[in-house]
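# Summary of structural features
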Amino acid sequence: MIEIELDGKKVEVAEGSMVMHAADKAGTYIPHFCYHKKLSIAANCRMCLVDVEKAPKPMPACATPVTQGMIVRTQSDKAVKAQKSVMEFLLINHPLDCPICDQGGECQLQDLAVGYGGGASRYQEEKRVVFHKDVGPLISMEEMSRCIHCTRCVRFGQEVAGIMELGMVNRGEHSEITTVVGDTVDSELSGNMIDICPVGALTSKPFRYSARTWELSRRKSVSPHDSTGANLIVQVKNNRVMRVLPLENEDVNECWIADRDRFSYEALGSEERLTQPMLKQGGQWQAVDWQTALEYVANGLKQIKADHGAAAIGALVSPHSTVEELALAGALVRGLGSENIDHRLRHADFGNVAGGIRWLGTSIASLSNLQRVLVVGSNLRKDHPLFAQRIRQSVRKGGKLFAIASAEQLAADASWAMPLAGFHQVDAAGWYGALAQIAAAVAAEKGIAAPAQADVTDAARGVAQALVGGERKAILLGNGAAHHAEASRLLALAQWIGTQTGASVGYLTEAANTVGAQWVNAQPGANGLNAGQMLSGGLKAALLLNTEPVSDSAAGARAADALGQAQMVVTLSPFKANLEFSDVLLPIAPFSETPGTFVNAEGRIQSFHAVVRPLGEARPAWKVLRVLGNLLGLSGFDFESTQDVMAKVRGSSAADFVAAERLGNDAPVVDLASASAAGQAAPVAAAIYQLDSLVRRAPSLQLTTDGRRAATAQEVSA
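- The name an unreviewed UniProt entry assigns to the protein chain is NADH-quinone oxidoreductase, from the organism Pseudacidovorax intermedius.
- The Function (unreviewed entry) field of the UniProt record for the protein chain holds the comment "NDH-1 shuttles electrons from NADH, via FMN and iron-sulfur (Fe-S) centers, to quinones in the respiratory chain. Couples the redox reaction to proton translocation (for every two electrons transferred, four hydrogen ions are translocated across the cytoplasmic membrane), and thus conserves the redox energy in a proton gradient."
- Database annotation for the protein chain, UniProt heading Sequence similarities (unreviewed entry): "Belongs to the complex I 75 kDa subunit family."

Structure representation (structure tokens):
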């Protein structure tokens, strides 16, 4: 540690730190534009000039290393004069149009100009003009004359997103930020460039000119999409969600969110929103009141149970639903005497349940510091953008990343936006064989018997040698591996390799509440039907909670035929969904309109409140299920709030994580020596903007390159 004097106060910081870091630790604000704690130091805005004793001129705080006994003054005449001079230069070409700027009210340049800018400009020449660029449906670069060339967006692309999509061309006052050849910005993390831009150059295209920042109230929430559980700030005006921003949580999402977390709010006000209960009568949909709809459902369930038995009733539930909703759905089905409930809609191997709740196997924060990573069956960057960002950090620090994936998941290094130390590009049917090769190579390295016979290739030997070495190691099974027909055997082989090399083994997990769904046992009991069986025509009455089986299940279009054979299908959804085979539509609230809880991939329990009132006659799903349980005369449905439901789920525990003894990735007992099954269907994994009902209905996300590619693929398959 090194001690310096900062504005008369003694501050201790680590050797190699910059003056800016010392100021942060001391709680002293130094004005800056280009510096960002998560990006490399550029020192090109010069706004952070400070007075360092014995230095001949003011020094940039962000790029001046501390030395023992250094004396720094941030408020001296010398420092303030230098900062004001820099501000004058920054404003020479900047358009003074704050009243019409979309960044007005939350602009770093605007704020600092008040303290460091002059009352009038001495610059009389014409200001430069930079023409706007069209970089896609998410980021607006309509006002690039406002850019001050801090290069935050450029460095973000290089260092965090992994792709340098923006860069600076030309020199001096002719410099400008551009995509160079007119490409669009396609990173799944691109919206973070809007947040880190300190001026009004990069703004949100969907939000543009829709509200002023001071008109918005800010409320905390949690992302309902992937398993990161990103913390959000949802901004609201007139009971309408207007914008979503990241809420910093260093252990979860740091200060970033993925684009689907940021822009999926567009679906909340979609014309497809279901705002009142509806019954299908004579093939026509009729709007009814809640009492009529719920009594119809309750009477129908009672009649089907009487005619066909409780085993004819089942529930298909989404892992994007809250813990409370899933717990009550399970209680409802089991209260009727059935064990038919499942959240594993895209799975093919339903025997992979032994050994506890499937989870990440390590903390999310630890992904940033791994030395060795083997990813199996995942399009990592698209399936889990924020996990990919953390692993990208570990690779930048010298970690080695290996992958086993199909050609679609692993087209090239660029598709993952980080260098791969080695990969097996094989179809899904060959993943087990590729993993067996690595296991055999590990066995050869350690001089022990291999669990499965396989030829040891040079590529497998390279992975094995890397895994045997190093300290912080992880084997991560992606959505493709979880949904694979041989998921159990893939896990068993991964566990063997993990045991022999000291690597943690875990699932990246697909959805916001995949872990939570397992926690509340939203899957069939010993005599229950799994999702595959229910979607093969095994039900007379089906409850569909927040899911659209045609898009959300491995059955695809076959799900419509199977559910069409049921006597009664009840859809609980925020949207007008499943119209072709449903008999009842019950409008439920999306995550923004209901309190609830999600459990992310590391088992972290995160509760949130509703940020707006439910739209129309929509109601929180937990309330709908509670009332339905009461109408059916079931016990244990007397909850007054989501806190009451969570109290029952948690029991006596008040921990922020699911109990460690409940978590486990131990594989069921399987035969590793037998040959892999040939000709099996490829596992079903959703595209990045097809994951759930919200992202599918967000227009801006569907207009992106990823969104259009997925739509084209669907048309081809259809």
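That was the structure; now back to the text.
### Section: the UniProt feature "domain: 4Fe-4S His(Cys)3-ligated-type" (unreviewed entry) in the protein chain
- As recorded in UniProt, the sites labelled "domain: 4Fe-4S His(Cys)3-ligated-type" (unreviewed entry) are residues 78-117.
- In residues 78-117, helix accounts for 60% and strand for 0%; the two terminal C-alpha atoms are 16 Å from one another.

### Re the domain arrangement of the protein chain
- On domain assignment, one finds that the protein chain holds domain 1 (2-92), domain 2 (108-269), domain 3 (278-349 + 517-661) and domain 4 (364-508 + 666-686).
- Each of domain 2 and domain 3 has a C-alpha centre, and the two are 38 Å apart.
- Counting residues at the interface gives 22 residues for domain 2, matched by 17 residues for domain 3.
- Seen at the junction of domain 2 and domain 3, the total is zero salt bridges.
- Here the side of domain 2 that touches domain 3 is built from residues that sort into nine nonpolar, nine polar and four charged.

### Points about the sheet that holds strand β13 (residues 240-246)
- Within the open sheet, the three strands sit side by side as β11-β12-β13. Their pairing is antiparallel. Both outer strands of the open sheet, β11 (217-222) and β13, are each paired with one neighbouring strand and no more. Sheet twist, expressed as the average angle between the axes of neighbouring strands with direction ignored, equals 35°.
- As paired strands, β11 and strand β12 (residues 231-237) are joined by six bridges and run antiparallel to one another. Within β12, the position partnered with Arg218 by the bridge is Gln235.

### A word on the sheet that holds strand β21 (residues 473-477)
- Pairing within the open sheet is parallel, and its five strands lie in the order β20-β19-β18-β21-β22. Of all the strands in the sheet, just β20 (422-425) and β22 (504-507) have a single pairing partner and so form its edges. Neighbour-to-neighbour, the strand axes of this sheet turn through a mean angle of 15°, independent of strand direction.
- The pairing of β21 with β22 spans four bridges and is classified as parallel. Its bridge partner being in β22, Ile475 is matched across the sheet by Val505.
- Helix α12 (residues 431-446) rests against β18 (372-376), β19 (400-405) and β20 of the sheet, and its axis sits at about 140° to β19.

### Re helix α1 (residues 19-26)
- Looking at α1, one finds that the buried residues are Val19, Met20, Ala22 and Ala23. Down the axis of α1, the smallest arc covering the buried residues is 160°, so these residues share one side.

### Concerning the pattern of salt bridges
- Applying the stated criterion across every chain yields a total of 32 salt bridges.
- Linking Arg709 and Asp706 is a salt bridge whose minimum nitrogen-to-oxygen distance equals 2.9 Å. Of the two residues, Arg709 and Asp706 both sit in helix α24 (residues 705-717), three residues apart, roughly one turn of that helix.
- The buried category is assigned to Asp706, whose relative accessible area is 11%.
- A network of salt bridges, in which partner residues are shared, links Glu272, Arg346, Glu510, Glu548, Asp552, Arg696 and Arg697.

### A word on the packing of α12 against helix α15 (residues 487-501)
- Orientation of α12 relative to α15, taken along the N-to-C sense of each, is 20°, at an axis distance of 10 Å. Considered as vectors, α12 and α15 are oriented roughly parallel to each other. As for how α12 packs across α15, the hand of that crossing is left-handed. Touching Trp431, Tyr432, Leu435, Ala436, Ile438, Ala439, Val442, Ala443 and Lys446 of α12 are Arg489, Leu490, Leu493, Ala494, Trp496, Ile497, Gln500 and Thr501, all from α15.
- A class-by-class count of the residues in the contact of α12 with α15 yields 13 nonpolar, two polar and two charged.

### A few points about the nonpolar core
- The biggest cluster of nonpolar side chains holds 75 residues, and the ones touching the most others in it are Phe33, Met47, Ile139, Phe156, Leu166 and Leu202.
- At the level of secondary structure, the elements contributing two or more residues to this core comprise α2 (77-92), α3 (108-116), β7 (139-141), α4 (152-161), α5 (192-196), β12, β13 and α22 (693-696).
- Setting aside anything within four residues of it in sequence, one finds Phe33 in contact with Cys45, Met47, Met87, Leu90, Gln108, Leu109, Leu112, Ile148, Cys150, Arg152 and Pro198.
- Counting 53 residues, the second-largest nonpolar core is a separate cluster that includes Leu279, Leu294, Leu328 and Trp519.

What counts as what
- Residues numbered from 1 in each chain as written.
- Predicted model: local features only at pLDDT ≥ 70, side-chain atom pairs only at ≥ 80, totals over all residues.
- Heavy atoms only, no water.
- UniProt positions renumbered as here; feature names shortened; annotations may be inferred.
- Helix = DSSP H or I, 4+ residues; strand = E, 2+ residues; numbered from the N terminus.
- Domains from an automatic or database assignment.
- Contact = heavy atoms within 4.5 Å.
- Salt bridge = Lys/Arg side-chain N within 4 Å of Asp/Glu carboxyl O.
- Nonpolar A, V, L, I, M, F, W, Y, C, P; charged D, E, K, R; others polar.
- Pairing = 2+ DSSP bridges.
- Axes fitted to C-alpha atoms, helices over the stretch in contact; angles between N-to-C directions.
- Buried < 20%, exposed > 50% of the residue type's maximum accessible area, 1.4 Å probe, protein only.
- Arc of directions from axis to C-beta.
- Parallel < 35°, antiparallel > 145°, perpendicular 65-115°, else oblique.
- Left-handed = near helix turned anticlockwise from the far one by under 90°.
- Core = buried A, V, L, I, M, F, W, Y, C linked by side-chain atoms within 4.5 Å.

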